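# Coordinate inspection notes
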Amino acid sequence: MARIPGQQNRTIGTASPNFDTANPAYIRKYLRTYGLTPPRRETYEVQKTRCLQQLALKTTDIDKFLYLSTLRKNNVHLFYRLVTDHLKELTPLIYTPVVGEACQRWSEIYQQPEGMYLSWEDRGNLAAVIANWPQPNVEITCITDGSRILGLGDLGINGMGIPIGKLALYTACAGIRPEATLPLTLDLGTGNKAFREDPLYMGSRHDKISPEEEREFMDELMTALTERWPGIVIQFEDFKNPFPALERYRHTYTCFNDDIQGTGAVILGGVINAVKRSGLPCKDHRAVFLGAGSAGVGVAKQIVQFFMREGMTENEARACFYLVDTKGLVTADRGDKLADHKIYFARTDNNGQQFKTLEEVIEHVHPTMLMGLSTLGGVFTPQILNKMAEWNTHPIIFPLSNPSSKSECDFESAITHTDGRALFASGSPFQPFLFTNSAGETRTYYPGQGNNMYVFPGIGLGTILSKAVEVTDAMIYASGEAVAEALTPEEIELGYLYPDITRIRNVSVVVARKVIRAAQKDKVDRENALSNLDDAALDAWIRARMYDPHAEVRSLEREVGALLSSLGTPSPVNGQSYFEPHSRL
Ligand SMILES: NC(=O)c1ccc[n+]([C@@H]2O[C@H](COP(=O)([O-])OP(=O)(O)OC[C@H]3O[C@@H](n4cnc5c(N)ncnc54)[C@H](OP(=O)(O)O)[C@@H]3O)[C@@H](O)[C@H]2O)c1
Ligand SMILES: O=C(O)C[C@H](O)C(=O)O
Ligand SMILES: [Mg+2]
């Protein structure tokens, strides 16, 4: 992966130099940060102690979020050292769920530029605005228009927290260099009247532009991005209606939609493991989905693919799915005009009967799986969970809406009301739970986190490294399968459906490898030499290209050392400096 040498080695967002107090004096001189930080060269242990102490002094989640944002801005490598070492504790603070509150309050808490904003008013000049981004070698961008931020609705440009958070995970979880990432928020107006009237709101104060205008804007954007950074991977995120853009661009640009495809893949991974654990063959499963939007349809379609690989026909597989939206069960004869993305799953076996509520649908279906992608917190009530436990030995209960307040139920409720038999995964993290079941057995239950964070970093990494010209369906499917296969025997023993989050960098290597293999099979890769590597060699090749924040000082030392010897200057020994503080290289 390209890196930006020496003095140009800037951190994400607006250009700020590398102020890492782990750098020895001669590196500081080289970077011209010498004298700008306290003199002592620090070990990571010391840096970490200070940061964790400072973090502990912050009493609210938002204060912790802001502290970590500032750390990322001022000492990017230290920030990533901390995050990679404390993924379990810090991911919820820089990503879901706290990023949800940060987006709701973005205009109030805003302190510093960290991504790029492009407005409808900039149309015709997008390339010129994009030219302002200070980093020359962007490899991946995450774009939102803020119109559906998690389950929190239209937050306009306040949605910027999402691309920043997602790209931070690309770096922490898959080792894509921070300066190779571009958080991008489109200011295309907002339907959020309260924001439009809020004096602190920092976006345009008009209503959302029309779909035709949006298409025109997006066409210009896609051209401008790929002209500046040919081969850039483009991830669409949290658009209210993302299907048209995905269809329009997926075969022309290297892009994917995380809410449709990333979510589909990650839940596929959890479902592969849950179906195994349920003891029922695929053909005996019936899935009720509350939510028939981007995520609901994306997930259901991936599971259809899994059922087909297990020997069912497409029609048999599709018949296992019952999608529910604001009007009730999605049927072909419901009387309303179904959105295009729902038609595939519209039921035709309802004999004219319509089912208006989730309760009615589950009574009709007696599902084995209950999926929540509805943004409706708490809607999987104790009564519904009790029914699921009555009908199934191991009901599959996946309340996947984010953030935590929108989760269709919490972990404690799912375990308590199924007598500990639920196979559970949620979009937002929950704590493990100690529970005694009706047989008097007490044990700790571990929740799965079915969040696309398990796949999008590896999809991005595999796509970048294989130089794929498009992200194919097989690449997406492969990422979900990789997650399912990544469980260790110990994790299986503990009842996990997803690998422990602390292993995510290893999981991302496997995801990236499988994505690369699928790209090779589909002949969309351009890094052809990778076909000659066996899996172990490919894993090693991938690992060698991952940004490791712990190795950053060493790699700067190597870089400067190489530069010095090319200039005929001896390398620094034992930290001894060969530079005058203001000397120029
Ligand atoms: N775990 C993860 O990794 C992950 C990934 C992506 C998304 N999500 C979460 O999934 C949720 C949905 O995202 P999305 O992109 O699919 O949003 P979306 O496209 O807006 O879809 C929401 C769906 O929920 C339905 N719905 C809303 N209110 C309802 C109600 N009162 N009764 C019944 N159905 C209702 C909507 O019905 P209509 O179609 O009739 O409007 C729509 O089908 C969000 O909370 C998001 O955070 C989680
Ligand atoms: O952002 C997340 O945590 C997952 C997902 O992309 C969502 O929209 O909820
Ligand atoms: Mg999303």
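Where an unreviewed UniProt entry is consulted, the chain appears under the name Malic enzyme, with the organism given as Monascus purpureus. For the record of the chain, the UniProt heading Sequence similarities (unreviewed entry) holds the text "Belongs to the malic enzymes family."

Next up on the list: the sheet that holds strand β1 (residues 116–119). Reading across from one edge, β1-β3-β2-β4-β5 is the order of the 5 strands in this open sheet, with parallel pairing throughout. Strands at the two margins of the open sheet, each flanked by one partner only, are β1 and β5 (255–257). Ignoring strand direction, the axes of neighbouring strands in this sheet form an average angle of 25 degrees. Along the sheet, helix α13 (residues 258–278) contacts β4 (233–236) and β5; its crossing angle with β5, the most-contacted strand, is approximately 75 degrees.

This part is about the site of ligand 1. Neighbouring ligand 1 are 26 residues; R148, K240, A292, T326 and K342 lie closest to it. One nitrogen or oxygen atom from the side chain of T326 is found 2.4 Å from an oxygen atom belonging to ligand 1. For ligand 1, the protein covers 85% of the area, taking 920 Å² as the surface of the free molecule. Across the shell around ligand 1, the residue classes tally to 7 nonpolar, 14 polar and 5 charged.

A few words now on the environment of V330. With respect to the helices, strands and loops of the structure, V330 is situated in the loop between β8 (328–329) and α16 (340–343). You can call V330 buried: its relative accessible area is 1%. Spatially, the C-alpha atom of V330 lies 21 Å from that of Q261, the residues being 69 residues apart in sequence. With residues near it in sequence (within four places) discarded, V330 still touches A292, L323, V324, D325, L338, K342, F345, A346 and R347.

On to the coordination of the magnesium ion (ligand 3), then. Donor atoms from the polypeptide that bind the magnesium ion (ligand 3) are E237 (OE), D238 (OD) and D259 (OD), placed at 2.0 to 2.1 Å. Of note, the donors binding the magnesium ion (ligand 3) are all from one chain and are spaced E-D-x20-D. With E237 in the loop between β4 and α12 (243–249) and D259 in helix α13, this residue pair connects regions lying 22 residues apart in the sequence. In this pair, the class of E237 matches that of D259, namely buried.

This brings us to the sheet that holds strand β7 (residues 321–325). A sheet is described by the order of its strands in space; here 7 strands give the open sequence β8-β7-β6-β9-β10-β11-β14, paired in mixed fashion. Here the strands that pair on one side only, and so sit at the sheet edges, are β8 and β14 (448–449). Relative to the sheet, α13 contacts β9 (369–372), β10 (396–399) and β11 (423–426), its axis offset from that of β10 by approximately 160 degrees. With respect to the sheet, helix α14 (residues 294–309) is in contact with β6 (287–290), β7 and β9, its orientation differing from that of β7 by roughly 180 degrees.

Moving on, we get to the pattern of salt bridges. Side chains carrying opposite charge are able to pair once their charged atoms draw close together. Under the criterion given, the structure shown has 33 salt bridges. The residue D259 makes a salt bridge to R148 at a minimum N-O spacing of 3.1 Å. With D259 in helix α13 and R148 in the loop between β2 (140–144) and α9 (161–174), this residue pair connects regions lying 111 residues apart in the sequence. Residue classification places D259 among the buried residues on the basis of a relative accessible area of 6%. What makes R148 buried here is its relative accessible area of 16%. One salt bridge connects E179 with R177, and the closest N-O pair in it is separated by 2.6 Å. R177 matches E179 in its accessibility class, with the two residues each being buried. Connected through salt bridges with shared partners, the residues D325, R334, D336 and K342 form a single ionic network.

What counts, and at which threshold
Every chain is numbered on its own, with residues counted from 1 as its sequence reads. Chains carry letters and ligands carry numbers; both start at the beginning, A for chains and 1 for ligands, and go up in the order they are written. In keeping with the model being predicted, local features are shown solely for residues with a pLDDT of at least 70 and side-chain atom pairs are shown and tallied solely at 80 or more, while totals for entire chains, interfaces and linings include all residues. Values reported for side chains reflect all heavy atoms of the structure, with hydrogen atoms and water molecules removed beforehand. UniProt positions are given in the numbering used here, feature names are shortened, and annotations may be inferred rather than shown by experiment. Here the rule is simple: two strands pair whenever DSSP picks up at least two bridges between them. Numbered from the N terminus, helices here are DSSP runs of H or I no shorter than four residues, and strands are runs of E no shorter than two. Throughout, an axis means a line fitted to C-alpha atoms (over the contacting stretch in the case of helices), and angles, computed between N-to-C directions, take values from 0 to 180 degrees. Throughout, a residue-residue contact means that at least one pair of heavy atoms, one from each residue, lies within 4.5 Å. We call a residue near a molecule or strand as soon as one heavy atom of that residue lies within 4 Å of the molecule or strand. Pairs of N or O atoms are called polar contacts if they sit within 3.5 Å, as long as, within protein, a hydrogen donor faces a hydrogen acceptor (for residues adjacent in sequence, only side-chain-to-side-chain pairs). Computed by Shrake-Rupley with a 1.4 Å probe, the accessible areas treat only the displayed protein chains as cover when residues are assessed. Residues are sorted three ways: Asp, Glu, Lys and Arg are charged, Ala, Val, Leu, Ile, Met, Phe, Trp, Tyr, Cys and Pro are nonpolar, and all the rest, Gly among them, are polar. The rule is simple: take the accessible area with a 1.4 Å probe, protein chains only, and divide by the maximum for that residue type; under 20% is buried, over 50% is exposed, in between is partly exposed. The donor definition counts N, O and S atoms within 2.8 Å of each metal and applies 3.2 Å to Na, K and Ca; water is not among these atoms, so some sites may look incomplete. Whenever a carboxyl oxygen of Asp or Glu lies within 4 Å of a side-chain nitrogen of Lys or Arg, that contact is scored as a salt bridge.

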